[in-house]
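# Notes for the structure review
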Amino acid sequence: MPHDVSLIATIAVGFALAFLFGFIAHRLRLPPLVGYLVGGVAMGRFTPGFVANNELTGQLAEIGVMLLLFGVGLHVSTGDLMAVRRIASPGAIVQILIATTIGTLMAAFWGWSLGAGMVLGLSLSVASTVVLLKALEERNGVSTPNGRIAVGWLIVEDLVMVLTLVLLPAFAEVLGGNSNTPAGAASGLGLLASLGLTLLKVISFVALVLYFGPRVMPWMLRQVARTGSRELFTLGVLAVALGIAFASARLFGVSFALGAFFAGVVLSESDLSHKAAANSLPLQDAFAVLFFVSVGMLFDPSILVTQPLMVAAVLLLILLGKSLAALAIVLLLGYPLSTALTVSAALAQIGEFSFILGGLGVAYGLLPAEGLSLILAGALLSISLNPLVFAGTDLLVGWVQKVSWLKIHLEDGRAARFSRLQEDLEAARVALEAKAGAHKSYSPDELVARFALFAGLTPEQRETLALHFRPRNAQPGERLIRVGDKADAVYFISTGEAEVVVNGHKIKLGPGDFFGEMALLSGLPRSADVIALDFCKLLTLSQRDFRELLRRYPGMRDPIAAVAKEREESNRQFKERPHGGVTQPA
Ligand code: CMP
């Protein structure tokens, strides 16, 4: 070969096999994710044929994890999390404890060390948010209360796992693995010191990102969005996601994953978060696929034959152990059976965090390689079975509805608590919308509906234009423009009326009209006073943005210049006969 093409080969074969098996999985009515994992198995060293470069795939997978977690962070809705916290936090934490204990006991039975057992147990205790979101999407359940509870529950799990990932290196040696931490000593003091240092780093990183992030990042994205270049915007989003992740790993020793997650959280507060999510999605999809492929590569399928009982035990813990624990917790907290069953079905699988944790466990010498294969077998099987589990819960809920005493005890009697939670979720949604509304002017479509002037723009142009406007409210009698002043902005009236006073003449302007354009076009001082007549909602465009608008959309210049010219003409006539009166707009 003329030069080293292993990266190209890895990406090309990875995508091709993932696509092939993903498509087959889809045809078999399985989640495509199963296909990606199988694609990985096919290019791994345990199967004949092409063997991809492990090192490269690992790095590509890491980008996948960063982007996945960035996506999870972007979708974290603080309002939703607060609304479901009473069920999700105790639920997720107690369920993780139960599942980890069962896993540790199971491993102890196999003769594994405590550290190996804990890593295995923790890996099996956390379900995949990615798999759940896909399952809910297919069932149209993402925005239902039960769906939002399940997502909240899994996000709490993710947060616990992020903490575990950060703390694992500090604990590795004391649990019987090898430690790379600088303190390096297994003594109590060494552990405490390295633990303290790790926590200090994480806390300072999180504080820094949460303090500066919301002040800088959304502003930066807004500036980029205003350029109207989709390419620059996507680049900006990726730079923020990967940049924060990389910098956090370099400067604070925090994992890439945690950094990317917080980058997402920071941007989720911005009103551009949907656009950011939409633009980064294709890349996120592609690299997430490579992540699943790389996980598949590590899987040794022979474990299914050599250790069928161990695989069965792991699968049983994922499908039944976790789900029954969650079912009991939700019912004990007083919520209806249908909620409990949705959460149980959501939990009956494992995914990305299990792989990451398992991989880290192996790297730190805590988990035997066999453990990772077991986790992978568990993931492959449980993800494949997940649609069946959801279908099973549907049947069960239907059956409970028919059996009246069960319905009374497990559904109707618990409706009050559920509806309280539903109200909280609704309040969270309303608050989120109100918050978004406070920042934004109008959606691109609303803008066009109000101002016929913009009807000729393409949807993309409208979107960029909408970002340039600043909303402003005015009180009755408020002077918006003073004659003779220097011009700084142009105004668009969306509701209310304003009065232009020029040479004693008064001209009323209403919704859909604009003013302040004459001085901007001519470079002269303001030609008239403009006063709000009642409570007005206005949109303003700064001088710079107005010029930019005319430059970028030349079609806009003529109609605006025509209005200005007409107004100038009437003002000339007013000068000739300067007696007052209310005139209709020119
Ligand atoms: P400008 O001169 O920047 O500031 C005052 C604004 O009042 C002006 O731009 C126009 O938008 C508006 N204006 C001035 N004269 C008239 C008119 N005769 N009819 C309607 N609007 C006017």
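Residues numbered from 1 in each chain as written. Predicted model: local features only at pLDDT ≥ 70, side-chain atom pairs only at ≥ 80, totals over all residues. Heavy atoms only, no water.

## Examining the overall build of the chain
Tallying secondary structure elements over the chain gives 24 helices and nine strands in all. Expressed as lengths along the three principal axes of its C-alpha atoms, the size of the chain is roughly 105 × 75 × 55 Å. Counting contacts in the chain only where the partners sit at least 6 residues apart, residues at least 24 apart contribute 78% of the total. As displayed, the chain has an accessible area near 27300 Å², and 65% of this comes from carbon and sulfur atoms. Seen as two clouds, the 45 positive and the 43 negative side-chain charges of the chain have centres 4 Å apart. (Helix = DSSP H or I, 4+ residues; strand = E, 2+ residues; numbered from the N terminus. Contact = heavy atoms within 4.5 Å. Areas by Shrake-Rupley, 256 points an atom, 1.4 Å probe, with all protein chains shown as cover. Lys, Arg positive; Asp, Glu negative; His and termini not counted. Charge placed at Lys NZ, Arg CZ, Asp CG, Glu CD.)

## Remarks on the side chain of Ser128
Turning to its location among the elements, Ser128 is positioned in the loop between helix 6 (114–125) and helix 7 (129–138). When its relative accessible area of 1% is taken as the criterion, Ser128 is described as buried. Apart from the residues lying within four places of it in its own chain, the contact partners of Ser128 are Leu154, Gln349, Ile350, Gly351 and Glu352. (Buried < 20%, exposed > 50% of the residue type's maximum accessible area, 1.4 Å probe, protein only.)

## Details of the packing of helix 5 (residues 85–109) against helix 6
The N-to-C vectors of helix 5 and helix 6 enclose an angle of 135 degrees; their axes lie 7 Å apart at closest approach. Between helix 5 and helix 6, the angle falls in the class oblique. Viewed along their axes, helix 5 and helix 6 form a crossing whose handedness is right-handed. Across from Gln95, Ile96, Ala99, Thr100, Gly103, Thr104, Met106 and Ala107 in helix 5, the residues of helix 6 making contact are Leu114, Gly117, Met118, Leu120, Gly121, Leu122, Leu124 and Ser125. Per-class residue counts for the contact of helix 5 with helix 6 are nine nonpolar, seven polar and no charged. (Axes fitted to C-alpha atoms, helices over the stretch in contact; angles between N-to-C directions. Parallel < 35°, antiparallel > 145°, perpendicular 65-115°, else oblique. Left-handed = near helix turned anticlockwise from the far one by under 90°. Nonpolar A, V, L, I, M, F, W, Y, C, P; charged D, E, K, R; others polar.)

## Describing the confidence of the model for the chain
Averaged over all residues, the pLDDT of the chain is 85; the fraction at 70 or higher stands at 95%. Ignoring residues within four places in sequence, the model shows residues 181–186, a span with pLDDT below 50, making ten contacts including any to other chains. (pLDDT = per-residue confidence, 0-100.)

## Concerning a positive patch on the surface
Together, Arg85, Arg86, Arg417 and Arg420 make up a positively charged patch on the protein surface. At the level of elements, helix 5 and helix 19 (415–439) are the ones that each hand at least two residues to the positive patch. Summarising the element assignment, Arg85 is placed in helix 5. Arg85 gets classed as partly exposed once you look at its relative accessible area, which sits at 35%. (Patch = residues over 30% accessible without salt bridge, like charges linked within 9 Å, V, L, I, M, F, W, Y side chains within 5 Å. Salt bridge = Lys/Arg side-chain N within 4 Å of Asp/Glu carboxyl O.)

## A short note on the packing of aromatic side chains
For the coordinates displayed, the defined rule picks out 15 aromatic pairs. Ring centres 6.0 Å apart and planes at 45 degrees place the aromatic pair Phe291 and Phe355 in the tilted group. Of this pair, Phe291 sits in helix 12 (residues 273–297) while Phe355 is found in helix 16 (residues 352–363), placing the two residues 64 residues apart along the sequence. By relative accessible area, Phe291 is classed as buried at 4%. An aromatic cluster of three or more residues is present, and its members are Phe451, Phe454, Phe469, Phe492 and Phe514. The ring of Tyr335 has Arg417 lying over it, and the distance from NZ or CZ to the ring centre is 5.9 Å. When the ring centre of Phe514 is taken as reference, the NZ or CZ atom of Arg567 above it lies at 5.3 Å. (Phe/Tyr/Trp six-rings, centres within 6.5 Å; stacked < 30°, edge-to-face > 60°. Lys NZ or Arg CZ within 6 Å of the ring centre and 35° of its normal.)

## Focus on the site of the ligand
Taken together, 16 residues form the shell around the ligand, and within it Gly516, Glu517, Arg526, Ser527 and Asn571 come nearest. Between the ligand and the protein, one listed contact pairs an oxygen atom with a backbone N or O atom of Met518 at 3.3 Å. At 2.8 Å, a side-chain N or O of Asn571 approaches a nitrogen atom of the ligand. Considered on its own, the ligand offers 450 Å² of accessible surface; in the complex 99% of this is hidden by protein. At the level of secondary structure, the elements contributing two or more residues to the shell around the ligand comprise helix 22 (517–522) and helix 24 (557–576). Residue contributions to the shell around the ligand peak at four residues, all from helix 24. Taken together, the residues of the shell around the ligand break down into nine nonpolar, four polar and three charged. (Near = heavy atom within 4 Å. Polar contact = N/O pair within 3.5 Å; in protein donor to acceptor, adjacent residues only side chain to side chain.)

## Focus on the pattern of salt bridges
Here the structure, examined in full by the defined rule, presents eleven salt bridges. Put simply, Arg139 and Asp394 hold a salt bridge, and the shortest N to O gap is 3.0 Å. With a gap of 255 residues between them, Arg139 in the loop between helix 7 and helix 8 (145–172) and Asp394 in helix 17 (residues 369–402) connect regions that are remote in the sequence. Its relative accessible area of 37% is what places Arg139 among the partly exposed residues. Asp488 is the partner of Arg526 in a salt bridge, and the nearest nitrogen-oxygen pair spans 3.4 Å. Taken as a pair, Arg526 in the loop between helix 22 and strand 7 (529–532) and Asp488 in the loop between strand 2 (479–481) and strand 3 (489–495) lie far apart in primary sequence, 38 residues in all. Accessibility expressed as a relative area gives 6% for Arg526, which makes it buried. Assessed through its relative accessible area of 49%, Asp488 is described here as partly exposed. Connected via shared salt-bridge partners are Glu548, Arg551 and Arg552.

## Some points on the pairing of strand 5 (residues 505–509)
Only one face of strand 5 is buried: it carries His505, Ile507 and Leu509, and the other face, with Lys506 and Lys508, is open. Here strand 4 (residues 498–502) pairs with strand 5 via five bridges, running antiparallel. Within strand 5, the residue paired with Val501 across the bridge is Lys506. Connecting the antiparallel pair strand 4 and strand 5 is a turn made up of two residues, with Asn503 showing a positive phi of about 50 degrees. (Pairing = 2+ DSSP bridges.)

## Thoughts on the packing of helix 15 (residues 337–347) against helix 17
Relative orientation of the contacting elements helix 15 and helix 17 amounts to 170 degrees, with a least axis distance of 9 Å. Judged by the angle between their axes, helix 15 and helix 17 are roughly antiparallel. In contact with Leu337, Ser338, Leu341, Thr342, Ala345 and Ala346 of helix 15, helix 17 contributes Asn386, Val389, Phe390, Thr393, Leu396, Val397 and Val400. Partitioned by chemical class, the residues of the contact of helix 15 with helix 17 number nine nonpolar, four polar and no charged.

## Remarks on the sheet that holds strand 8 (residues 536–542)
Read from one edge of the open sheet, four strands run 1-8-3-6, paired in antiparallel fashion. Every other strand in the sheet has two partners, leaving strand 1 (470–474) and strand 6 (514–515) as the edge strands with one partner each. One ladder, built from two bridges, connects strand 3 with strand 6; its direction is antiparallel. For Phe492, the partnering residue across the bridge sits in strand 6 and is Phe514. Strand contacts of helix 23 (residues 543–552): strand 3 and strand 8, with the helix running at about 70 degrees to strand 8, the strand carrying the most contacts.

## What about the environment of Gly398?
Here Gly398 shows up in helix 17. In this structure the C-alpha to C-alpha distance between Gly398 and Ser338, which are 60 residues apart in sequence, comes to 9.4 Å.

## Some points on helix 14 (residues 308–332)
With 25 residues, helix 14 extends 35 Å from end C-alpha to end C-alpha; this agrees with the ideal 36 Å at 1.5 Å per step. Largest kink in helix 14: about 35 degrees, centred on Leu317. Positive backbone phi, at 90 degrees, marks Gly334, one or two positions downstream of helix 14. (Expected span 1.5 Å × (residues − 1). Bend = angle between axes of the 7 residues up to and from the residue.)

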